[in-house]
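The primary structure of each chain is shown beneath.
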4 protein chains.
Amino acid sequence: MPIRFAILGAGRIGQVHARAVANNNDAVLAAVFDPVAEAASAISAQYGAAMRSVEEIAAADDIDAVVLCTPTDLHAEQIELFSRAGKAVFCEKPIDLDSARVRACLEVVEETDATLMVGFNRRFDPHFMGVKAAIDDGRIGAPEMGIITSRDPGAPPADYIKRSGGIFKDMMIHDFDMAVFLMGGMPERVMATGSVLTDPSIETLGDYDSASAILSWADGGQVSISNSRRAVYGYDQRVEVHGSAGMAAAENEHPVGIQVATAQGYTRPPLHDFFMTRYVAAYANEINAFIAALGGATGGIPVGRDGLNALLIAEAALESARTSKAVDIAI
Amino acid sequence: MPIRFAILGAGRIGQVHARAVANNNDAVLAAVFDPVAEAASAISAQYGAAMRSVEEIAAADDIDAVVLCTPTDLHAEQIELFSRAGKAVFCEKPIDLDSARVRACLEVVEETDATLMVGFNRRFDPHFMGVKAAIDDGRIGAPEMGIITSRDPGAPPADYIKRSGGIFKDMMIHDFDMAVFLMGGMPERVMATGSVLTDPSIETLGDYDSASAILSWADGGQVSISNSRRAVYGYDQRVEVHGSAGMAAAENEHPVGIQVATAQGYTRPPLHDFFMTRYVAAYANEINAFIAALGGATGGIPVGRDGLNALLIAEAALESARTSKAVDIAI
Amino acid sequence: MPIRFAILGAGRIGQVHARAVANNNDAVLAAVFDPVAEAASAISAQYGAAMRSVEEIAAADDIDAVVLCTPTDLHAEQIELFSRAGKAVFCEKPIDLDSARVRACLEVVEETDATLMVGFNRRFDPHFMGVKAAIDDGRIGAPEMGIITSRDPGAPPADYIKRSGGIFKDMMIHDFDMAVFLMGGMPERVMATGSVLTDPSIETLGDYDSASAILSWADGGQVSISNSRRAVYGYDQRVEVHGSAGMAAAENEHPVGIQVATAQGYTRPPLHDFFMTRYVAAYANEINAFIAALGGATGGIPVGRDGLNALLIAEAALESARTSKAVDIAI
Amino acid sequence: MPIRFAILGAGRIGQVHARAVANNNDAVLAAVFDPVAEAASAISAQYGAAMRSVEEIAAADDIDAVVLCTPTDLHAEQIELFSRAGKAVFCEKPIDLDSARVRACLEVVEETDATLMVGFNRRFDPHFMGVKAAIDDGRIGAPEMGIITSRDPGAPPADYIKRSGGIFKDMMIHDFDMAVFLMGGMPERVMATGSVLTDPSIETLGDYDSASAILSWADGGQVSISNSRRAVYGYDQRVEVHGSAGMAAAENEHPVGIQVATAQGYTRPPLHDFFMTRYVAAYANEINAFIAALGGATGGIPVGRDGLNALLIAEAALESARTSKAVDIAI
C-alpha cells in the first residue's frame, strides 16, 4: 500500500516536493493545499491530487503524511496539529525562529509519538553524503576539524531578511547542522563575528551579510564556517572534514563540466545559480528518505531534535557576534 | 493542446523516455506497446497510458508522435509505417545496420514529409552541449582538431555483440556523430584500426573490443577517436575540440564530487557505471527537444540524415580497419 | 658590480639561500659562517665562499649584505649588529618571539637606516603571488573575506615546540602575514581557539596542535584560518580571498600531476612532504627579491614592520584562545 | 672523483645543461665550446669552465664526458668523434634526420663501446615518470591503449622548419618515444595523416602543422597521437595509458595554480609558454641520470637505439601520411 501524502504550500519548494512524492512508487500525492487557489490547482492538475483545506487534510482518513511548505511562522502550529491528527510530518526548516517555541512543539511531537522530519536537505546531497560515508567508513579516522563554506549568489530582499531571523538562523543554520551531522555530535561552544559588506540596508535591518564562526567540541574538535550573501560566480557550497587519518571534502558541483582554454587561460562556467538547481538531487533524496523511513527503513533522517540543535547553535552564534565572547551552546 | 505520444518498447530505455514524456507539460503519454504485457502494463499503470497494439497506434487519430524503443531490426520498417500514418517519429539509433536500408527508409520519410528524430542522446548532454555552444559562440575560433574518448565499463554479452553490427556501428558511431556535430560537417576520409584486448570470444565473433580512428575533413580538420569496451573506473566519455583561437573540452561527469585524502594520496570516486546513469539529463533533454521541435522550436535535432551520416562513417571505418588503408566516406 | 653576501648559519635553510645567492647574476656569495665548521666548509667548497666569524663579517669592507639563518634567539641581536655595521639584512622569521624585543630591534634598524627584509617566504610563492596579483589587478574587487588553511604533515619534536613560541607564533604567524598581505592592511581584532588532537605531549608543553582563528578588519573584512600539525596526505597550504566582484584561490601544489584510475576511483599522489619541497620557488624568489631591492627595485619586500605586525596578531590570538574573548590587536 | 664534462654548444639548451652539470655534486663542468666566443665565455665565466676547441676536447685527458648541444647535422659526426676518443656522450635528439646515417653512427658507438645517451627529456619529467612508475608498479595492469597530446604554442620560423625534418621527425618523434617508453616496446605499424591549418607557408615547405597518428602493436596495443603547432593557451603536453586494470594519466602542469572566479566563471592561468619552462625539472633530471649512469647507476637512460627507434616510427608515419596507407615500421 503506498503512503498517501498531502502537500501544504504549493510554491516553488512545494512543487519540488510534489514531484518527488509523485515519482516515488511507494507514495501517492493525494491532496494539496495552498491559500492561492491557482497554485494548488496547478499541482492538482499535474498529479491528480485533490484540493483540500488544512482542516480537511488533518481530519482525512486517507492521508498518512503531510509535507509542510508553508510560511515559517505556521510551522510549529501545523506540526502540532498534524502530530495530534496522527499524520507523519515533513517540515521545511526551521521549525521556528525561537528555540523555546521549538521545544514546546517537540514536546507535542513526543507526546503524540509522531514522526517528524526536518528538511535539512543538504544531508541528502550526493556529495555531502559521500563525505559522511567516507567518515562513517573510517577512511579519515575520527573527525577532528572542519571547514564549511556557504556563499549565496546574492542577498535576499529586505522583506525576506526581516522575517528570516538573521544570517545565523537563516543561512548558517544549514552549516551548523552539517557540522553536527559530519562531526557526529553537538559542539559545546561557538565564537562568531558578522559584518555588512554587500548592502548597507542589511545593517539597517540589524542583520549581517557576512559571517564567520568557529565551533568547538568538548573533545577538542573545531569547525570553521564562512558565510556570505554574495558570490558572483554562483552558489558556493563546500565542506571538508579532517580526521586523524585523512581528509574528506565535497567540491562545488559544476552544472556544466567543460573547460574552454584561450590565450587568457582555462575557464569553467559558473556554479549553480542557487539552491533550487544545486540541490535537485538532495530534494528528491530527502523526500525518498522520508517515505522510506515511514516504510520502516533505518537509514536515519533529521528529526525535530536536529532542528532544535541547529537553532541552539545559531542563537549562541548570534550572541557571540554581539558580545565578542565565546558562548556556550544550550542543550 | 499537448502533443499525444505513444511509446513502443517498454524496456529500460522505453521507461526513461516514458517518464520524460510524462514530465513534459506540452506532452501526454497516451499509449504504450510492448510484446511483453507486463512491461507495457507497468508504464500504463504509472502514467495512465492506454495499452495498444502497433497497428492500433498507427491507426489512432489521437496519437501525434511515437517513440521507437523497439529492436533495431524493426526500426526502419516502423519508421516507414508511422511516417505513412502521419505520425512524428523519435527513433533510437541506429535506424538500421545497413546504409542501403537506411537510405530506402529515409526516402519514405521524405516522401511522407514526416518528422524523424534519431536518438543521438549525447548531443543533448549538458557538457557536450556546453562544448558545442562554446564553438558556436566563436570562443575557440573555427574548429580544427578533436579528440574523442569513449570507454565502456565492460563488454556486452556475446548475444548483444552478434546483433550489434560491431564496435564501429554500435559504439564508435556515437563518436562519429559527435565529431560531425562539433566539427560542423562530414569528414571525407577515415583511417581506423581495431584489436581484441579484453575478451578473446569477441574475436571469435569477428568483432573488436578496442578501436582507434582518425577522421579527416576536406579543409584539413582531424579528429582522433579512441574506444574500448573496458574501463574499470567507470564509463569514460570525453571530447575536446581545438580551434584557431582555443580549445573546448567536456570532462567526465563525477556522480559523487568528493575527494578523500590519505597518506596514499587524493582519491575521487569512480565515474558513472554506464549510460543509463551518465546520460540522465541527456535522455530527458532529447525528448524535450523532440517535443519542442514538434511545437515549432528551431533548436535543431538530429534527423534521419544524421543517422545515415554516422553509419556511413562507421562502414568506412570498418573497411579501413580490415584493409589497413584510409577509406573515403560515401555521401 | 654584484652585491657581496655573507650567509650566517649553514644548516638546511642556509644551504637553500646560499644556492639562491650563488645562482643570481647580480650577487656573489663571498663569506659563510657556522659554529659547526663542517657545515660552513661544505658551502665554502661548493661556492668558493670564505669562512669567516660573525665579527669578521660585520667588520668586512667587502660584504654588502647578510642572510641570517641563525637560531631565533640570536636574530634581534644580529640584526642590530649588522644594521650598525651598515650591512643590509635578510632575516629568517621571526625577528623575536617577544614583540617588545622586536620593537627595540626595529628602532635600531630605523636609526641606522638599514635595509631589513623578513623571510615571509610564502609571499614569494608563485601561486600566492598569483592570488595577490589577481587582487591588485582588480579582478575580484575589494578583498573582503578570506579562508586560509595550513596543515603540517606532522608535529615537530618537543624540543622544537618548546622554543617555538607555540602554534600561533610559530605556524599560524605565516597565515597572519598572508592575511595582511592579501587583505592589504592590519586586522583590528582576533578570535581564536586551540586544542590538542594529535599528541598529548603537546598539551604538557602548554601548546596546541590544532587552532582556528577569525581575523576582523575595521571595514568589516573577515578571514578564517585553520591550522593543524597533522595532515597525512602532505603539506596542505591553501588560501582564498573573496572580494566584491569575485574570488581568487591558490590550490595545493601537486609535485606529481598524475591521476591513476582503477575500480576504486581516481587517485592523485599526496602533496609535498613539507616546506623545503613545497616552497622551492618561493625561497629562490625571496632571495632574488632581496637582491633586486638592494639594486633599487621597487617590487616590495616584507620588512621589519611586517614581522612585528604578524607577531602582534599572534600574541592577540594566543590571548584570545586563553580567555575565550575577542582580543584587540596592538599597533 | 667527480666526472669531468665538456659542453659543446652554448646556446639556450647548452646553458640549461651547463647549469645542471655545475649543480651536480658528482660532476664538474671543465670545458665549453661554441663557435660564438661570447656564448662560450659566458658559461666559462659563470662556472669556471675552460674554453676549448672541439679537437682539444676530444684529445683532452681530463674530459670524461661531453654534452652535444650542437646543430643536428653535426650530431652523428661528433658522436663518432667522441666515441672514438673514449668519451661518454650525451646528445640532444635527433642523432640525425636519416635513419641510415643513424645506423652507421650507432655502429661506431657499438664498436667503441661508448656510452651514448639521447636527450629524450620527457622521459625525465616528474609527471610522465609518475605515469611510467604507475605502469611498472602494476597499478593499471598491462598497458594496452594510449592517448598522447602535444600542442606547441606556435609554429617555428620557416628556417627552423626547413631543417627540422618535418612535424613527424621534429615534433611527434617525442610522442613516438613516449609511446615506446610507456607501452614497453616497439609498435609494428602506423597510420598517420597531416594537414596545414595554422600557416599556409608551412605547406609551401612541404610540411604539416597538424598531424594525427595511430600506432599499433603486435599484441593489439593502440596509441593515438594528436599534434598541432598551435595552442594559444600554452604548451599542451598530456599522456594517458589504459591497461587491463586501469588508467594512468599525466595532466598539464600549471605554472600558477590559482583559480579566479567571477560572474564569467572560474579561470585558471594559461599553461607554460614552451618547453624551456615546462621541462625545467626534466632537463635537470636527465643530466643527473646521465651522470648517475656514468657512475654505475642502473636506472635506465634512453640510448642510441631509442633514438633510432623513434626515428623509424617517424619515417613510417611520414610515409603513411603521404600514401594514406598503414605502414609497417622498420626494425
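Below, the structure is looked at part by part.

Thresholds applied
Residues numbered from 1 in each chain as written. Chains lettered and ligands numbered in written order. Predicted model: local features only at pLDDT ≥ 70, side-chain atom pairs only at ≥ 80, totals over all residues. Heavy atoms only, no water. Contact = heavy atoms within 4.5 Å. Buried area = accessible area lost by both parts, 1.4 Å probe. Polar contact = N/O pair within 3.5 Å; in protein donor to acceptor, adjacent residues only side chain to side chain. Helix = DSSP H or I, 4+ residues; strand = E, 2+ residues; numbered from the N terminus. Nonpolar A, V, L, I, M, F, W, Y, C, P; charged D, E, K, R; others polar. Pairing = 2+ DSSP bridges. Least-squares fit on C-alpha atoms with pLDDT ≥ 70 in both. Salt bridge = Lys/Arg side-chain N within 4 Å of Asp/Glu carboxyl O. Buried < 20%, exposed > 50% of the residue type's maximum accessible area, 1.4 Å probe, protein only. Expected span 1.5 Å × (residues − 1). Arc of directions from axis to C-beta. Axes fitted to C-alpha atoms, helices over the stretch in contact; angles between N-to-C directions. Phe/Tyr/Trp six-rings, centres within 6.5 Å; stacked < 30°, edge-to-face > 60°. Parallel < 35°, antiparallel > 145°, perpendicular 65-115°, else oblique. Left-handed = near helix turned anticlockwise from the far one by under 90°.

Quick word on the interface of chain A and chain D
Right, so step 1: Listed per partner, the contact involves 15 residues of chain A and 15 residues of chain D.
Right, so step 2: Both sides together, the interface formed by chain A and chain D hides about 1200 Å², and carbon and sulfur atoms give 59% of it.
Right, so step 3: In this structure, the connection of chain A to chain D is made through three residue pairs in polar contact (both at pLDDT 80 or more).
Right, so step 4: When residues of the side of chain A that touches chain D are traced back to their parent elements, those giving at least two are strand E13 (258-262) and strand E14 (265-268) of chain A.
Right, so step 5: For the side of chain A that touches chain D, the element with the highest residue contribution is E14 of chain A, accounting for four residues.
Right, so step 6: Of the residues contributing to the side of chain A that touches chain D, the split by class is eight nonpolar, six polar and one charged.

Some points on the sheet that holds strand E3 (residues 50-51) of chain A
Residues and elements named next belong to chain A.
Right, so step 1: The strand order E3-E2-E1-E4-E5-E6 describes an open sheet built from six strands, whose pairing is parallel. The open sheet has two edge strands, E3 and strand E6 (116-118), and neither has a second partner.
Right, so step 2: Bridging between strand E1 (residues 3-8) and strand E4 (residues 65-68) involves four bridges; their strand directions are parallel. Residue pairing for E4: Phe5 is matched across the bridge by Ala65.

Looking at the relation of the copies chain A and chain C
Right, so step 1: Rotating chain A by 180 degrees about the axis while translating it 0.0 Å along that axis superimposes it on chain C, leaving an RMSD of 0.0 Å. As the rotation angle and translation indicate, the two copies are arranged about a two-fold axis. Ranked by how close their C-alpha atoms come to the rotation axis, the residues of chain A are headed by Lys325 of chain A, at 2.2 Å.
Right, so step 2: Mapped onto chain C, 100% of the interface residues of chain A again fall at the interface, so both copies present the same surface.

Digging into the pattern of salt bridges
Oppositely charged side chains can form a pair if their charged atoms are brought close together.
Right, so step 1: In this structure the tally under the stated criterion is 68 salt bridges over all chains.
Right, so step 2: Here Asp62 of chain D ties to Arg52 of chain D by a salt bridge, and the two come within 2.9 Å at their closest N and O atoms. Taken together, the positions of Asp62 of chain D in the loop between helix H3 (54-59) and strand E4 (65-68) and Arg52 of chain D in the loop between strand E3 (50-51) and H3 put the pair ten residues apart, joining distant regions of the chain.
Right, so step 3: By relative accessible area, Asp62 of chain D is classed as partly exposed at 27%.
Right, so step 4: With a closest N to O distance of 2.9 Å, Arg229 of chain D and Asp170 of chain D form a salt bridge. Linking Arg229 of chain D in the loop between strand E10 (222-228) and strand E11 (236-243) with Asp170 of chain D in helix H8 (residues 167-170), this pair joins segments that are 59 residues apart in sequence.
Right, so step 5: Residue classification places Arg229 of chain D among the buried residues on the basis of a relative accessible area of 2%.
Right, so step 6: Here the salt bridges do not stand alone but share partners, grouping Arg4, Arg52 and Asp62 of chain A into one network.

Brief notes about the relation of the copies chain A and chain D
Right, so step 1: In the superposition of chain A on chain D (RMSD 0.0 Å, axial shift 0.0 Å), the rotation amounts to 180 degrees.
Right, so step 2: A share of 100% of interface residues in chain A that are also interface residues in chain D marks the association as one of identical surfaces.

Comments concerning unusual backbone geometry
Right, so step 1: Here the residue pair Lys93 of chain B and Pro94 of chain B is connected by a cis peptide bond, since its omega of -5 degrees sits within 30 degrees of zero.
Right, so step 2: With respect to the secondary-structure elements, Pro94 of chain B resides in the loop between strand E5 (88-91) and helix H5 (99-112).
Right, so step 3: Positive phi is not limited to glycine here, since Asp113 of chain A has a value of about 60 degrees.
Right, so step 4: Locating Asp113 of chain A in the fold gives a position in the loop between helix H5 (99-112) and E6.
Right, so step 5: Positive phi outside glycine occurs at Ser324 of chain A, with the angle close to 60 degrees.
Right, so step 6: Examined against the element boundaries, Ser324 of chain A turns out to sit in the loop between helix H13 (304-323) and strand E15 (327-328).
Right, so step 7: With relative accessibility at 17%, the residue Ser324 of chain A sits in the buried group.

Things to note about H5 of chain B
All names here are of chain B.
Right, so step 1: An ideal rise of 1.5 Å per residue puts 20 Å on 14 residues; H5 measures up with 20 Å between its terminal C-alpha atoms.
Right, so step 2: The complete set of buried residues in H5 reads Ser99, Val102, Cys105, Leu106, Val108 and Val109. In a view along the axis of H5, the buried residues occupy a sector of 165 degrees, so they form one face of it. Opposite its buried face, H5 presents the exposed residues Glu107, Glu110 and Glu111, each directed more than 90 degrees away.
Right, so step 3: Against helix H4 (72-84), strand E6 (116-118) and helix H13 (304-323) lie the buried residues of H5.
Right, so step 4: Note on H5: the residue one or two positions beyond its end, Asp113, has a positive phi of about 55 degrees.

Concerning the pairing of strand E12 (residues 246-250) of chain A
The side chains of a regular strand alternate, first on one face of the sheet and then on the other.
Residues and elements named next belong to chain A.
Right, so step 1: Within E12, five of the five residues are buried, leaving the element largely enclosed by the surrounding structure.
Right, so step 2: With burial as the criterion, each face of E12 is covered, one bearing Gly246, Ala248 and Ala250 and the other bearing Met247 and Ala249.
Right, so step 3: Here five bridges tie strand E11 (residues 236-243) to E12, and the two strands are oriented antiparallel to one another. Counted as the bridge partner of Val241 is Ala248 from E12.

Structural notes on the environment of Asn285 of chain D
Residue and element names in this part refer to chain D.
Right, so step 1: Here Asn285 is to be found in helix H12 (residues 280-294).
Right, so step 2: By relative accessible area, Asn285 is classed as partly exposed at 28%.
Right, so step 3: The spatial distance from the C-alpha of Asn285 to the C-alpha of Ser53 is 28 Å, given a sequence separation of 232 residues.
Right, so step 4: Those residues within four positions of Asn285 in sequence are excluded, and the remaining contacts are Phe124, Pro126 and Met129.

Remarks on the interface of chain A and chain C
Right, so step 1: Taken together, the contact pairs 42 residues of chain A with 42 residues of chain C.
Right, so step 2: Counting each side, the surface lost to burial between chain A and chain C is near 3100 Å², with a carbon and sulfur contribution of 56%.
Right, so step 3: Area buried by chain A at its contact with chain C is led by Met145, Met191 and Leu197 of chain A, which between them contribute 18% of it.
Right, so step 4: If you look at where chain A meets chain C, you find four salt bridges.
Right, so step 5: With a closest N to O distance of 2.8 Å, Glu240 of chain C and Arg238 of chain A form a salt bridge.
Right, so step 6: One can count 20 residue pairs in polar contact (both at pLDDT 80 or more) joining chain A with chain C.
Right, so step 7: Elements that contribute at least two residues to the side of chain A that touches chain C include exactly strand E7 (143-151), strand E8 (189-195), strand E9 (210-216), strand E10 (222-228), E11 and E12 of chain A.

What to know about the sheet that holds strand E2 (residues 27-33) of chain C
Residues and elements named next belong to chain C.
Right, so step 1: Taken together, the six strands give an open sheet; going across it, the order is E3-E2-E1-E4-E5-E6, and neighbouring strands pair in parallel fashion. Among the strands making up the open sheet, the edge pair consists of strand E3 (50-51) and strand E6 (116-118).
Right, so step 2: Against the sheet, helix H2 (residues 37-47) engages E2 and E3, with an angle of about 160 degrees to E2.

A few points about the packing of aromatic side chains
Right, so step 1: A complete count under the given rule lists 32 aromatic pairs over all chains for this structure.
Right, so step 2: Seen in terms of ring centroids, Phe274 of chain A and Phe275 of chain A are 4.8 Å apart; in terms of plane orientation they differ by 70 degrees. Their pairing is edge-to-face.
Right, so step 3: Since its relative accessible area comes to 27%, Phe274 of chain A is described here as partly exposed.
Right, so step 4: Taken together, a centroid distance of 6.1 Å and an interplanar angle of 75 degrees make the contact between Phe168 of chain B and Tyr208 of chain B edge-to-face. Here the residue Phe168 of chain B occupies a position in helix H8 (residues 167-170), and Tyr208 of chain B occupies one in the loop between helix H10 (200-204) and strand E9 (210-216), the gap between them amounting to 40 residues. Of the two residues, Phe168 of chain B and Tyr208 of chain B, neither departs from the other in class, the shared state being buried.
Right, so step 5: By the ring-pair criterion, three or more aromatic residues cluster together here, those being Phe128, Tyr235, Phe274, Phe275 and Tyr279 of chain A.

Looking at helix H1 (residues 12-23) of chain B
Residue and element names in this part refer to chain B.
Right, so step 1: Between its first and last C-alpha atoms H1 spans 17 Å; for twelve residues at 1.5 Å apiece the expected length is 16 Å, and the two agree.
Right, so step 2: Buried within H1 we find Ile13, Gly14, His17, Ala18, Ala20 and Val21. Projected down its long axis, H1 carries its buried residues within an arc of 165 degrees, all on one side.

With respect to the packing of helix H4 (residues 72-84) of chain D against helix H5 (residues 99-111) of chain D
Residue and element names in this part refer to chain D.
Right, so step 1: Remark: H4 packs on H5, axes separated minimally by 9 Å, with the N-to-C direction vectors making an angle of 10 degrees. Looking at the two axes, H4 sits roughly parallel to H5. Contacts between H4 and H5 pair Ala76, Glu77, Ile79, Glu80, Ser83 and Arg84 from the former with Arg101, Ala104, Cys105, Val108 and Val109 from the latter.
Right, so step 2: Counted by class, the contact of H4 with H5 contains six nonpolar, one polar and four charged residues.

Digging into the side chain of Asp175 of chain C
Right, so step 1: Residue placement: Asp175 of chain C occurs in helix H9 (residues 172-183).
Right, so step 2: Among all residues touching Asp175 of chain C, those that are not within four sequence positions of it are Arg122, Ile148, Ser150, Ile225 and Asn227 of chain C.

Examining the packing of H5 of chain A against H13 of chain A
All names here are of chain A.
Right, so step 1: Following both chains from N to C, one finds H5 and H13 inclined at 165 degrees, their axes separated by 10 Å at the closest point. Comparing the axis directions of H5 and H13 gives the class roughly antiparallel. When the axes of H5 and H13 are compared, the crossing they make is left-handed. Taking contact as the criterion, the partners of Ser99, Val102, Arg103 and Leu106 in H5 are, on H13, Gly304, Arg305, Leu308, Leu311, Leu312 and Glu315.
Right, so step 2: Considered class by class, the residues forming the contact of H5 with H13 number five nonpolar, two polar and three charged.

From the geometry alone we can't say anything about function, so treat these as descriptive.
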